[in-house]
Amino acid sequence: MANPVTSACCVVLAVVVVVYAQRHGQQETRIQYERMGSDITMKCGTMDWDAAVTWTANGTDIDKSHLNGSTLLFRAVDLSHNGIYSCFDSSTWQLRHQVTLKVGYSPKEPVLTCRSNHYPKSFYCSWHLPSPTYIPNSFNITVVHDSKLLPCEKDPFPKNRCHIKYSHMFSALKYRVTAVVTNALGRNSASISFEETTIVKPDPPENVVAKPVINNPRRLEVTWQNPASWPEPESFPLKFFLRYRPLILDQWQHVELSDGTSHTITDAYAGKEYIIQVAAKDSEIGTWSDWSVAAHATPWMEEPKHLTTEAQIAETSTTTTTTTTTTTTTVYLQPPTTKICEQETVVGDSAVAVSWMAGLLLGSVSILFI
């Protein structure tokens with residue numbers, strides 16, 4: 001037998017869950033789309049105009065100044081009014097109506113472009129709106145050639161692009177592509193017509209590399225590869241356009257090449273860093289690709305000379321020694337100076353000399369008399 005207390009608790013819990021779900025709007029809601037800047041009203045389901053109701057927006061009570069009876073009124077709505085609006089019976093708090101409001105614009109004429117970077121196998125078309133609508137849009141693309149409707153296979157990414165296979169190669173008949181955009185507030189469309197050769201535009205060349213040329217201070221060797229998206233470079237060869245400049249200048253120099261995937265720049269400034277880019281084009285039809293990713297390189301520069309051999313070190317040592325010897329043995333002496341004797345000293349010396357001569361004469365006389 002079931003426990004009465006347990007059964008009562010289950011019933012109370014069930015009621016609470018139901019009331020909570022109703023109070024917080026856990027039920028299927030409809031979406032109401034409104035044009036930006038317009039005045040809007042939202043009715044509380046089937047409730048009478050004078051019924052006592054409470055409105056909430058995203059769970060927050062709405063001021064009663066926006067009520068006209070049980071109807072909710074907003075003027076000149078904008079994006080701040082987006083949200084989930086719920087209407088409750090004020091006496092029972094029972095959820096009586098719920099709506100998701102989304103404010104936006106009807107679509108303007110879409111921008112439609114087509115390009116063939118995979119010639120001659122296929123081309124693609126892409127589209128976008130010139131300004132946002134803030135609400136969901138759906139696009140429908142149709143492609144007609146020679147009165148036949150061609151399939152347009154949409155890409156998973158980006159979503160606003162589809163691919164079309166050429167129905168006839170080298171056809172002179174024009175393709176016509178139409179894009180129709182629709183949302184809850186309106187509809188618009190755009191169409192373009194073209195011959196297949198006018199939309200041929202390869203992707204930029206890939207793996208552009210520039211390297212200096214040893215012992216050539218004014219040369220740079222540039223190499224690149226065909227874009228991987230170009231399907232038949234042998235049957236439909238590409239020609240290339242190369243531009244380059246030193247970073248210190250704004251003016252580009254250009255070289256057009258009819259074949260090959262390399263070029264040697266011969267007029268570079270020695271020691272200056274260069275920026276190099278390459279574009280590609282079918283040799284006969286279409287337009288030039290965008291520029292490739294830039295490559296950077298600096299021409300070769302001669303390394304400064306350093307003492308690296310024993311002979312250079314010995315020669316330098318000998319020169320240093322000789323210079324040192326010369327410096328130490330070459331002595332510049334001051335010329336001798338004449339010393340001026342004092343008068344007293346000279347007189348003293350003369351007296352001594354006279355006394356000596358007198359003595360010598362006296363000695364000679366004595367010898368004669370003997």
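Everything discussed here concerns the structure shown above.
Let me begin by describing the structure that accompanies this report. (Residues numbered from 1 in each chain as written. Predicted model: local features only at pLDDT ≥ 70, side-chain atom pairs only at ≥ 80, totals over all residues. Heavy atoms only, no water.)

1. Concerning the overall build of the protein chain
Counting its secondary structure elements, the protein chain contains three helices and 23 strands. Going through the 370 residues of the protein chain one by one, you find that 31% of them count as buried. In the protein chain, the proportion of contacts linking residues at least 24 apart, taken out of those at least 6 apart, comes to 62%. Accessible surface, the protein chain: about 24,100 Å² in total, of which carbon and sulfur atoms supply 56%. (Helix = DSSP H or I, 4+ residues; strand = E, 2+ residues; numbered from the N terminus. Buried < 20%, exposed > 50% of the residue type's maximum accessible area, 1.4 Å probe, protein only. Contact = heavy atoms within 4.5 Å. Areas by Shrake-Rupley, 256 points an atom, 1.4 Å probe, with all protein chains shown as cover.)

2. Comments concerning the sheet that holds strand β4 (residues 60–61)
Reading across the sheet, the five strands line up as β1-β8-β7-β3-β4 and stay open at both edges, with mixed pairing between neighbours. Each edge of the sheet is formed by a strand with only one pairing partner; in this case those strands are β1 (30–35) and β4. Relative to strand β8 (residues 95–104), β1 runs parallel, the two being bridged by six bridges. Within β8, the position partnered with Gln32 by the bridge is Leu101. (Pairing = 2+ DSSP bridges.)

3. Digging into the pairing of strand β9 (residues 111–118)
Every regular strand shows the same layout, with side chains that alternate between the two sheet faces. The pairing of β9 with strand β10 (residues 122–128) spans six bridges and is antiparallel. Bridge assignment links Arg115 to a residue of β10, and that residue is Tyr124. A loop of three residues connects β9 with β10, the two strands running antiparallel in sequence.

4. Brief notes about the sheet that holds strand β18 (residues 216–225)
Read from one edge of the open sheet, three strands run β17-β18-β21, paired in antiparallel fashion. Strand pairing shows two members of the sheet lacking a second neighbour, β17 (206–213) and β21 (262–265), which therefore form its edges. The mean inter-strand angle of the sheet, taken between neighbouring strand axes irrespective of direction, is 15 degrees. By the bridge criterion, six bridges tie β17 to β18 in an arrangement that is antiparallel. Along β18, the bridge assignment pairs Pro212 with Leu220. (Axes fitted to C-alpha atoms, helices over the stretch in contact; angles between N-to-C directions.)

5. Points about the state of the cysteines
Taken as a whole and assessed by the stated rule, the structure comprises three disulfides. At a sulfur-sulfur separation of 1.8 Å, the disulfide partner of Cys44 is Cys87. With the S-S dihedral at roughly -100 degrees, the linkage between Cys44 and Cys87 falls on the left-handed side. Taken together, the positions of Cys44 in the loop between β2 (40–42) and β3 (53–57) and Cys87 in strand β7 (residues 83–89) put the pair 43 residues apart, joining distant regions of the chain. (Disulfide = S-S within 2.5 Å.)

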